[in-house]
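These are the residues of each chain, in order.
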Amino acid sequence: MKGKSKLTDLVYNRNTKEDGTITRVYETNGAAMYEVAVPQNRDSWTGGYFISDWAEDVLQFSTNEPLRVSRAVHAFRAY
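Attention here is on the structure that accompanies the text. Fair warning: this is a prediction, and the values are worked out from it, not measured in the lab.

With respect to the overall build of the protein
1) Next: A count of helices and strands for the protein gives one helix and five strands.
2) Next: The N-to-C order of helical and strand elements in the protein reads β-β-β-β-β-α.
3) Next: In the protein, which comprises 79 residues, the proportion classed as buried is 38%.
4) Next: For the protein, restricting intrachain contacts to residue pairs at least 6 apart in sequence, the fraction spanning at least 24 positions comes to 46%.

Written out as structure tokens, the structure is:
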């Protein structure tokens, strides 16, 4: 499956106004879909995260710098 985004990209969902990191890319009915880790706290991964499925057409690259820095330090671990 090839989409515009790739694993670990930090993306922004224009519909939900949330940022998250792509954890899986898959296809549904010919459309690219992304499993995205969405932080419980808007600008930090320290509070854990939820998993959400996002369609490619609502995504753009995120400009949330605090979340990008927090991601580098925190790394994804199970809660």
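Details of the side chain of Ser-62
1) Next: The residue Ser-62 is located in the loop between β5 (59-61) and α1 (65-74) in this model.
2) Next: Here Ser-62 falls in the buried class, since its relative accessible area comes to 5%.
3) Next: Of note is the side chain of Ser-62, whose polar atom sits 2.5 Å from the side chain of Asp-19.
4) Next: When sequence neighbours within four positions are dropped, the list of residues in contact with Ser-62 reads Leu-10, Val-11, Tyr-12, Asp-19 and Arg-68.

Notes on the nonpolar core
1) Next: Grouped together as the largest cluster of nonpolar side chains are nine residues: Val-11, Ile-22, Ala-32, Tyr-34, Val-36, Val-38, Trp-54, Val-58 and Leu-59.
2) Next: Considering every element that reaches this core, the biggest residue donor is strand β3 (residues 31-41), with four residues.
3) Next: What Leu-59 contacts, discounting residues up to four positions off in sequence, is Val-11, Tyr-12, Asn-13, Arg-14, Tyr-34 and Trp-54.

With respect to the packing of aromatic side chains
1) Next: As enumerated under the stated definition, the model contains one aromatic pair in all.
2) Next: Centre to centre, the rings of Trp-45 and Tyr-49 are 6.2 Å apart; their planes meet at 80°, and the pair counts as edge-to-face.
3) Next: For Tyr-49, a relative accessible area of 24% corresponds to the partly exposed category.
4) Next: Sitting above the plane of the Tyr-26 ring, Arg-24 keeps its charged end 4.2 Å from the centroid.

Quick word on the pairing of strand β4 (residues 44-55)
1) Next: Of the pairings in the sheet, the one linking β3 to β4 comprises eight bridges and is antiparallel in character. Counted as the bridge partner of Tyr-34 is Trp-54 from β4.
2) Next: Where β3 hands over to β4, the hairpin turn is made up of two residues, counted between the paired strands.

The rules behind each value
- Residues numbered from 1 in each chain as written.
- Predicted model: local features only at pLDDT ≥ 70, side-chain atom pairs only at ≥ 80, totals over all residues.
- Heavy atoms only, no water.
- Helix = DSSP H or I, 4+ residues; strand = E, 2+ residues; numbered from the N terminus.
- Buried < 20%, exposed > 50% of the residue type's maximum accessible area, 1.4 Å probe, protein only.
- Contact = heavy atoms within 4.5 Å.
- Polar contact = N/O pair within 3.5 Å; in protein donor to acceptor, adjacent residues only side chain to side chain.
- Core = buried A, V, L, I, M, F, W, Y, C linked by side-chain atoms within 4.5 Å.
- Phe/Tyr/Trp six-rings, centres within 6.5 Å; stacked < 30°, edge-to-face > 60°.
- Lys NZ or Arg CZ within 6 Å of the ring centre and 35° of its normal.
- Pairing = 2+ DSSP bridges.

Worth remembering: the numbers are spatial, not functional.
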